[in-house]
Amino acid sequence: MLRSLLPCTLVIMPLIGSAQNINNITWNPGTPDACDLVGMNVIGNFPGANYMPDNFTITPNGFTLTVVLNCSGGGGGGVTPFSQPLTQSGPYPAGTYTVIGELNINGVLVDTWTGTKTVTAATTPDPGGYAEISVCNSDANIQLITVLDGSPDPGGEWLDPNGVTITNGIFDPGQSQAGFYTYQFDQNFPCIDTAQQVLITYQINSNAGTNGTVQTCATAAPFDLFSFLGGGPDTGGTWTYQGNTVPSTFTPGTSPAGAYTYTVPGIPPCGNPSSVVSVSVVQPGNPGTGMAVQVCETDTSFQLSSALTGSPSQAGSWYDPLGFLIGGYTSTFDALNDFPGAWQYRVTVPPCPAAIATVTISLTNAEPPCGNVDCQGVSGGTALPGTPCNDNNANTLWDTWNANCVCVGSPIGIDEPTAAAAMVLQPNPAAENITLDSPAGLVVGYDLYTLDGRLARAQTVNALRTVVERGDLAAGTYRIVVRFADGRAARAVVFE
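Residue positions are given per chain, counted from 1 along the sequence in the order it is written. For a predicted model such as this one, the threshold for reporting local features is a pLDDT of at least 70, and the threshold for listing and counting side-chain atom pairs is 80 or more; totals across whole chains, interfaces and linings nevertheless cover every residue. Excluded from the side-chain calculation are hydrogens and water; included are all heavy atoms of the structure.

Novice: I'd like to hear about the sheet that holds strand 18 (residues 238-241), residue by residue, with values.
Specialist: If you walk across this open sheet you meet the 5 strands as 16-22-21-18-19, and the pairing is mixed. What marks the edges here is a single partner per strand, and that holds for strand 16 (212-217) and strand 19 (244-246). Geometrically, the sheet is characterised by an average inter-axis angle of 35 degrees between neighbouring strands, direction not taken into account. Two strands are said to pair when DSSP picks up at least two bridges between them. Put simply, DSSP marks the helices as runs of H or I at least four residues long and the strands as runs of E at least two long, and each gets a number from the N terminus on. To obtain an axis, a line is fitted to C-alpha atoms, over the contacting stretch when the element is a helix, and the angle between two such axes runs from 0 to 180 degrees between their N-to-C directions.

Structure below.
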């Protein structure tokens, strides 16, 4: 049978022998039995760099296997070692085989290799003997293979009563269902499959239900953990978190995420059964804070994001006053075609609802924003968006005029989160990259700005350490605004 080798895999091997030859044909497993499929690997050399394996054949004839590797190409100079895996073949009857390898290049036989391989007799795996056990739903986990009678061989596959594979072969009392569990060896023809079963029943006991999971938003309403247990649990149990008794009500934003255990009194001789509800909490998206802006009635490309403050996520979408989706973070407003009014920037992080910032746009022909005047109303003046200004707030730095001619600075001092006090940026100045360490609090992300207020980079981090890469940034001073869960902090960084 002719089999394709596209795509093929070339692996560099030690140079052995002539320029075009087969050095070895390995088998996996190295000593198969009569039930195993065999993966072969042809190892050798090409007489140049521009050769590729095309296809192969494996032809059995009694206890002789002929493996032909067909290749094509030519030129390139030198010698190119190769290691070409072949798709599995077999199983082969037990015995000692003469393996003949042939290397054909462009239809010409250039080398022959001969070796021997042994296939051992097949052995029928022992799945053990049938067994029955009765367990309490409060018992510890059970390795199912230990329940079978006799001496079952390892390596088989367990199936639950629904025929679903149990990858770890474990029965979890109180969580796993009662019924027949099957231990099987699924063998290749002509070998025979073997299987055995274990019947597991439950003793009478109270019911703590089955494990549950819930993902909630940090701003969601409180909810009852009990409602996320499956299996009809009994009421009147106790909830614990990390060993401490807690109420059954989970309050997002206040209660810690993690595993909450529900335990009910057991019925002797069984112990107290328990189940777990695992809770994860997702922070809502950050759309920033919108503002009311006046746009010149002739402006066809007003940047909507310039009217947002508060380090908004760039993963949101803009909607016009009629509720139609306009586009992503970089969308613009065209005063000649778009509607003035309330434009919404929505950031959605499931399962949280959309977080919304509203930018209210009105049109004007006044100066500014129309005409050749700066943000201070001076014709031809230098107080342009992106240039320094003074917002008269001692708790900000790097004040600049934004696109709406509002003087905006980055908060420092008392407005910074407590974790910012331990934050270190080093080396600074730096020729390439700067390491940001925040041992006192998780860095959610950072925004890097040029001194004229242009956003150079926005990065999500969610770690205590990150690297601020220079990349293609020009030499100079930049403003980095580091975002924490409870605020942000601004610093200056310098790339030399």
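That covers the picture; the talk isn't over yet.
Novice: Give me the state of the cysteines: which residues, what numbers.
Specialist: Defined by distance alone, a disulfide is two cysteine sulfur atoms within 2.5 Å. Taken as a whole and assessed by the stated rule, the structure comprises 5 disulfides. Each disulfide pairs two cysteine sulfurs, and for Cys 217 the partner residue is Cys 352, the sulfurs being separated by 2.0 Å. When the S-S torsion is 105 degrees, as for the bridge of Cys 217 with Cys 352, the disulfide is right-handed. With Cys 217 in strand 16 and Cys 352 in the loop between strand 30 (341-347) and strand 31 (355-364), this residue pair connects regions lying 135 residues apart in the sequence. Across a sulfur-sulfur distance of 2.1 Å, Cys 296 and Cys 370 are joined as a disulfide pair. Across the S-S bond of Cys 296 and Cys 370 the torsion is about 120 degrees, and the bridge reads as right-handed. Of this pair, Cys 296 sits in strand 24 (residues 292-296) while Cys 370 sits in the loop between strand 31 and strand 32 (396-401), and the two are 74 residues apart along the sequence. We note that Cys 296, like Cys 370, is buried. Working definition: with a 1.4 Å probe on protein chains only, accessible area under 20% of the residue-type maximum means buried, over 50% means exposed, and in between means partly exposed.

Novice: Mind laying out the pattern of salt bridges, listing which residues take part and the relevant values?
Specialist: Definition used for salt bridges: Asp or Glu carboxyl oxygen within 4 Å of a side-chain nitrogen of Lys or Arg. According to the stated counting rule, one finds 2 salt bridges in the structure shown. Between Asp 437 and Arg 465 there is a salt bridge whose closest N-O contact spans 2.5 Å. Taken together, the residues span a long stretch of sequence, with Asp 437 in strand 35 (residues 434-437) and Arg 465 in strand 38 (residues 465-468) at a distance of 28 residues. Residue Asp 437 is classed as buried on the basis of its relative accessible area of 14%.

Novice: Describe a nonpolar patch on the surface, listing the residues and the values that go with them.
Specialist: Judged by side-chain polarity, Leu 322, Phe 324, Ile 326 and Phe 339 come together as a nonpolar surface patch covering roughly 430 Å² of accessible area. As for its position among the elements, Ile 326 is in strand 28 (residues 325-328). Here a patch means residues that are over 30% exposed by relative accessible area and free of salt bridges, tied together within 9 Å if like-charged and within 5 Å if nonpolar (Val, Leu, Ile, Met, Phe, Trp, Tyr). Here the Shrake-Rupley method, with its probe set to 1.4 Å, supplies the accessible areas, and only the displayed protein chains count as covering residues.

Novice: For the sheet that holds strand 31, give the residues involved together with the corresponding values.
Specialist: Across the sheet, which stays open at both edges, the 5 strands sit in the order 24-31-30-27-28 with mixed pairing between neighbours. Edge positions in the sheet fall to strand 24 and strand 28, since each has one partner strand and no second. If you compare each strand with its neighbour and ignore which way they point, the axes differ by 30 degrees on average. Sheet topology note: the strand 27 (residues 317-319)/strand 28 ladder contains 3 bridges and is antiparallel. Bridged to Trp 318 within strand 28 is Gly 327.

Novice: Go over the environment of Thr 194, please, and point to the residues and values.
Specialist: With respect to the helices and strands, Thr 194 occurs in strand 15 (residues 194-202). Counting along the chain gives 151 residues from Thr 194 to Tyr 345, while the straight-line C-alpha distance between them is 62 Å. Each residue touching Thr 194, except ones within four places of it in the same chain, is listed here: Thr 124, Pro 125, Pro 127, Tyr 183, Gln 184 and Phe 185. Two N or O atoms count as a polar contact when they lie within 3.5 Å, although within protein this holds only if one can serve as hydrogen donor and the other as acceptor, and sequence-adjacent residues are included solely when both atoms are side-chain atoms. Here Pro 125 takes part through its backbone oxygen, which lies 3.2 Å from a polar atom of the side chain of Thr 194. Throughout, a contact is declared for two residues whenever any of their heavy atoms are within 4.5 Å.

Novice: How would you sum up the nonpolar core? Please name residues and give values.
Specialist: Take the buried residues of types Ala, Val, Leu, Ile, Met, Phe, Trp, Tyr and Cys, join any two whose side-chain atoms come within 4.5 Å, and each joined set is a nonpolar core. Of all hydrophobic cores here, the largest spans 23 residues; its most connected members are Ile 25 and Met 40. Sequence-distant contacts of Ile 25, defined by excluding residues within four places in its chain, comprise Met 40, Asn 41, Val 42, Val 67, Val 99, Gly 101, Trp 113 and Lys 117. If you look at the next biggest cluster of nonpolar residues, it comprises 20 residues, including Ala 419, Ala 420, Leu 473 and Ile 480.

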